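# Breakdown of the fold
Chain residues, written in single-letter form:
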Amino acid sequence: MLEVRNLCKHYGGVKAVDGASFTVEKGSITALIGPNGAGKTTAFNCISRTATPSGGEVWLDGERIDNLRPHKITAKGLSRTFQISRNLSDMTVIENVIVQSKVHGFGGLFRPAMSRDEKDKAMSILDFLGITRIAFEDGHNLSYGQKKLMDLAALLMSDPKVILLDEPAGGVNPSLMEEIVDRIRALNEKGMTVLIVEHNMDLIMRLSHKVVVMAQGRVICTGTPDIVRKDAQVLDAYLGGVLEEEEA
Ligand SMILES: Nc1ncnc2c1ncn2[C@@H]1O[C@H](COP(=O)(O)OP(=O)(O)OP(=O)(O)O)[C@@H](O)[C@H]1O
């Protein structure tokens, strides 16, 4: 469904992404993992076109999308969240959800005129995510985890086919993390394809069907969580320390 071919992004002399290729199969939960600075977020930025790739191609459902503007990519069915919540704190949750979905997070200096349909849709998404109780809370009253759920709600407003989640459980308390995992799984069961960047190995190993490991801008291993866990190169580059810590 999503195919990344030889993707490159250079910042001056820094090869943030250096010829990365991988695919995300339709209906899968695919994880993109790797040590800090491996190029995961940059790859996300290039796929969603919030950064311009220096080279390579991105294909969605057989159509090349790396030359499209971000809102066109959203319209084709690909949406993403950001590592840092883009919460517009002077608005309520429901306003945030609607505004973010309209302006892709780069505007929103006004209170939105919300149509009845938009409100109904936003409320049903908040209901699905289990957060209707905070629909009319001000953004600045939310916990970090609730903001993550709000971002997820905003992303679902565009009816995406594939979603890119950048550290959805980062900094979230364990019980809310379980809720987020549960909701991602429920979305996937409804047919949503998911690409996820996350540092929490336990979450990745439980949730994903396939894992793509990046290091220094390149893909060094791809496989099921079990295969990736045992790959010598991955252990060497990254997982060794993490898994040894977990097993200790
Ligand atoms: N705008 C930028 N300008 C210059 N260098 C950048 C920029 N964005 C990223 N980099 C560099 O590119 C490399 C990859 O960064 P990136 O944030 O994509 O890694 P990551 O795998 O997402 O890391 P983390 O897990 O810490 O979020 C790093 O060396 C980073 O310093």
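Please read these numbers as outputs of a predicted model, since none were measured by experiment.

All right, on to unusual backbone geometry then. Leave glycine aside and you will find that most residues have negative phi; peptide bonds, for their part, are mostly trans. Although it is not a glycine, Asn6 adopts a positive phi angle of roughly 50°. Examined against the element boundaries, Asn6 turns out to sit in strand β1 (residues 2–11). Overall, Asn6 belongs to the partly exposed group, with 13 C-beta atoms counted inside 10 Å. Even without glycine at this site, Gln216 takes up a positive phi of about 50°. Checked against the element boundaries, Gln216 lands in the loop between β9 (210–215) and β10 (218–223).

A few words on the sheet that holds β1. Strand order in the open sheet formed by 4 strands is β2-β1-β4-β5, and the pairing between neighbours is antiparallel. Among the strands making up the open sheet, the edge pair consists of β2 (14–24) and β5 (63–64).

With 16 residues, helix α6 (residues 174–189) extends 22 Å from end C-alpha to end C-alpha; this agrees with the ideal 22 Å at 1.5 Å per step. Among the residues of α6, those classed as buried are Ile180, Ile184 and Leu187. Buried residues of α6, viewed axially, fall in a sector of 60°; they line one side. Away from the buried face of α6 by more than 90 degrees, exposed residues Pro174, Ser175, Asp182, Ala186 and Glu189 are located. The secondary structure elements touched by the buried residues of α6 are α5 (144–156), β8 (193–197) and α7 (201–207).

With that settled, consider the site of the ligand. In the region of the ligand, the neighbouring residues are Tyr11, Val14, Ala16, Gly34, Asn36, Gly37, Ala38, Gly39, Lys40, Thr41 and Thr42. Where the shell around the ligand is concerned, the elements lending two or more residues are β2 and α1 (40–48). Its residues assigned to classes, the shell around the ligand comprises 4 nonpolar, 6 polar and 1 charged.

With that settled, the discussion passes to the sheet that holds β9. Taking strand neighbours across the sheet as the criterion, the 6 strands line up as β6-β7-β8-β3-β9-β10 in an open arrangement whose pairing is mixed. Single-partner strands in this sheet number two, and they are β6 (78–80) and β10. Between one strand axis and the next, the sheet turns by 20° as a mean value, whatever way the strands run. Pairing of strand β3 (residues 29–33) with β8, which is carried by 4 bridges, proceeds in the parallel orientation. Across the sheet, Thr30 pairs through a bridge with Leu195, a residue of β8. Those strands touched by α1 are β3, β6, β7 (162–166), β8 and β9, and its axis lies near 145° from that of β7.

This part takes up the confidence of the model for the protein chain. Mean pLDDT over the protein chain: 86, with 88% of residues reaching 70 or higher. pLDDT under 50 marks residues 104–109. Its contacts with residues more than four places away, or in other chains, come to 7 contacts. In the predicted complex, the global pTM is 0.87; the interface-specific ipTM is 0.96.

Pairing analysis gives 5 bridges linking β1 to strand β4 (residues 55–60), with the strands arranged antiparallel. Within β4, the residue paired with Glu3 across the bridge is Trp59. Across 2 bridges, the pairing between β4 and β5 is antiparallel. The residue of β5 that forms the bridge with Leu60 is Glu63. What sits between β4 and β5 in their antiparallel hairpin is a turn of 2 residues, with Asp61 showing a positive phi close to 50°.

Rules behind the numbers
- Residues numbered from 1 in each chain as written.
- Predicted model: local features only at pLDDT ≥ 70, side-chain atom pairs only at ≥ 80, totals over all residues.
- Helix = DSSP H or I, 4+ residues; strand = E, 2+ residues; numbered from the N terminus.
- Buried ≥ 20, exposed ≤ 12 C-beta atoms within 10 Å, placed from the backbone.
- Pairing = 2+ DSSP bridges.
- Expected span 1.5 Å × (residues − 1).
- Arc of directions from axis to C-beta.
- Contact = placed C-beta atoms within 7 Å.
- Near = placed C-beta within 6 Å.
- Nonpolar A, V, L, I, M, F, W, Y, C, P; charged D, E, K, R; others polar.
- Axes fitted to C-alpha atoms, helices over the stretch in contact; angles between N-to-C directions.
- pLDDT = per-residue confidence, 0-100.

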